[in-house]
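Topology and contacts: notes
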Amino acid sequence: MKLFLLFLTLFLSYQLSADINLIKKENSDSNQTLLVIGGIHGNEPGGYFAASVLATHYKILSKNLWIIPNLNKESILANRRGIHGDMNRKFAFMKKYDKDRKIVTEVKKIILDPKVSLVLNLHDGHGFYRKKEQNSIFNPNAWGQTCVIDQCKLNSIQPFNNLNDIALEVQKNVNKKLLKKHHQFNVKNTHTKFKDEQMRLSLTYFAVKNNKPAFAIETSKSLSSVSQKVFYQLLAIEEFMKIMHIQYRRDFELSAKNIRKIISNYGTLAINHNILLNLCDIKKALSFIPLKSSKNDFKFSNPLGAVKKNRLGNFDIYIGNIKVTTLKPQYFKMSAHCPQYYKVLADKKLLSLQKTSEFEINDDFKVIKEKDVRVNIIGYAAKKQDNESDIFISKKDLVSKYAVDKADTTYRIEFYKEKGFCSMLLVKFK
């Protein structure tokens, strides 16, 4: 079986000093760059899931796209606006020991990079913005379904300096593709310099003060699903890319239904280069995962992947604000002299498998014995056998609670050498 993989486009990912994941999709034809920032508020998943889809399912064919999918990682994991206060109110000044200081300082540098031509900050806002009061949901104080600008124009003459005209163009084209009529998209001008003291502390106003065109895209928290929010975020982002003449190709048809499928596919997690787990149908908890006592290397195919060690010493695995599973560790040293391939007889067919592969069978399998390598098949109740190689095993021989997936079809085959852990294969019964 082929392991599930996200349809990743090629990108360069830069881990900066403040733990900012900056994904760069660049071409040699231009220095013109769109910077998209998701996740400044941890309880606004439409923004950071849209940035994640943009990073993994779009190929940029001309000019440049930079993406920060999860700026405020700790707050995303907590599903809170800001666990150290509102990060989007820290761009004018901060206290010396503010816990957000490193991240805010770093993202300011990115915004001011000469390559950056236009900045989008992605949000989910309450209600549906309307210029006239209708009710508690549709009113001038709402932020949802808006393209927010701080002022009509920048003070300098440069490309994209007419913020109002650009926002109106985006509004017009987004409104041609509404899922429902009341999802109408509008422009909200906060007139920040003269009317909105709080917005003077924001990321977009910091950019505008430094003559960088900047907009906030606010989808509504009142929309029925995250997939609808991501749909409108991507619609708006694509309009900005068209205005900037950024050519792109996505690998899916833009619809809320397709987005729902994409964001529910969590991708894979590689651990220490010797374990590869498919997160899409994984159980809520897995026990006895062979890990190092410290400095474990967790790598996700999904840009929103994160690990948080809980108070019990287990590892909670997240995609965005969603806890996907918990890994309960069993600590081992890692063996330094392990095979890169293992031989398995699967349904009477001999396979040579790379050390973190997954394979499918109908009936049974047998791991071919290898010198000095011990095999442990998790869920198989061996009869006084320390090494479980050279044994034909079918599904009836396995205890379902030890399966790694909710369907109870996939099981772990672990390899050890010199009392250290080597790697893990996965076997899936059809």
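Data block above holds the structure.
Bear in mind the structure is a predicted one, so any value in this text is a computation, not a measurement. (Residues numbered from 1 in each chain as written. Predicted model: local features only at pLDDT ≥ 70, side-chain atom pairs only at ≥ 80, totals over all residues. Heavy atoms only, no water.)

Remarks on the sheet that holds strand β20 (residues 341-346)
- The antiparallel open sheet is built from four strands, whose spatial order is β21-β20-β23-β25. The sheet terminates laterally at β21 (349-354) and β25 (393-394), the two strands that pair on one side only.
- Direction of pairing for β20 relative to strand β23 (residues 364-367): antiparallel, over a ladder of three bridges. Pairing of A346 across the sheet is with F365, part of β23. (Pairing = 2+ DSSP bridges. Helix = DSSP H or I, 4+ residues; strand = E, 2+ residues; numbered from the N terminus.)

Some thoughts on the pattern of salt bridges
- One pass over the full model with this rule turns up 15 salt bridges.
- Between K73 and D19 there is a salt bridge whose closest N-O contact spans 3.4 Å. Taken together, the residues span a long stretch of sequence, with K73 in helix α2 (residues 73-78) and D19 in the loop between β1 (12-15) and β2 (21-25) at a distance of 54 residues.
- A residue is classified by how much of its surface remains accessible, and K73, at 23% relative accessible area, is partly exposed.
- E238 serves as the salt-bridge partner of R250, at 2.6 Å between the closest nitrogen and oxygen. (Salt bridge = Lys/Arg side-chain N within 4 Å of Asp/Glu carboxyl O. Buried < 20%, exposed > 50% of the residue type's maximum accessible area, 1.4 Å probe, protein only.)

Observations concerning the pairing of strand β14 (residues 275-278)
- By the alternation rule, side chains of β14 split into I275 and L277 and L276 and N278, which are all buried.
- Both strand β13 (residues 268-271) and β14 contribute to a ladder of four bridges, which runs antiparallel. If you follow L269 over to β14, its bridge partner there is L277.
- From the end of β13 to the start of β14, which pair antiparallel, there are three residues, and N272 there has a positive phi angle of about 55°.

Some details on the nonpolar core
- Among the nonpolar cores identified, the biggest contains 96 residues, and L35, L120, F215 and L234 are the most heavily contacted of them.
- Looking at this core element by element, the count peaks at nine residues for helix α7 (residues 226-243).
- Leaving out residues up to four positions away in the same chain, L234 has contacts with A50, V53, L54, Y58, F252, L254 and I259.
- F359, V367, L398 and C422 belong to the second largest nonpolar core, which has 23 residues in total. (Core = buried A, V, L, I, M, F, W, Y, C linked by side-chain atoms within 4.5 Å. Contact = heavy atoms within 4.5 Å.)

Quick word on unusual backbone geometry
- Its identity is not glycine, yet F160 carries a phi of approximately 65°, on the positive side.
- Relative to the assigned elements, F160 resides in the loop between β9 (146-149) and α4 (163-174).
- Although it is not a glycine, E418 adopts a positive phi angle of roughly 55°.
- As for its placement among the helices and strands, E418 is situated in the loop between β26 (410-417) and β27 (420-429).

Focus on the state of the cysteines
- Enumeration according to the criterion identifies one disulfide in this entry.
- Covalent S-S linkage joins C338 and C422, the inter-sulfur distance amounting to 2.1 Å. Linking C338 and C422, the disulfide has an S-S dihedral of approximately -80° and is accordingly described as left-handed. One end of the pair, C338, is in the loop between β19 (322-331) and β20; the other, C422, is in strand β27, and 84 residues separate them in sequence.
- With a relative accessible area of 5%, C422 lands in the buried category. (Disulfide = S-S within 2.5 Å.)

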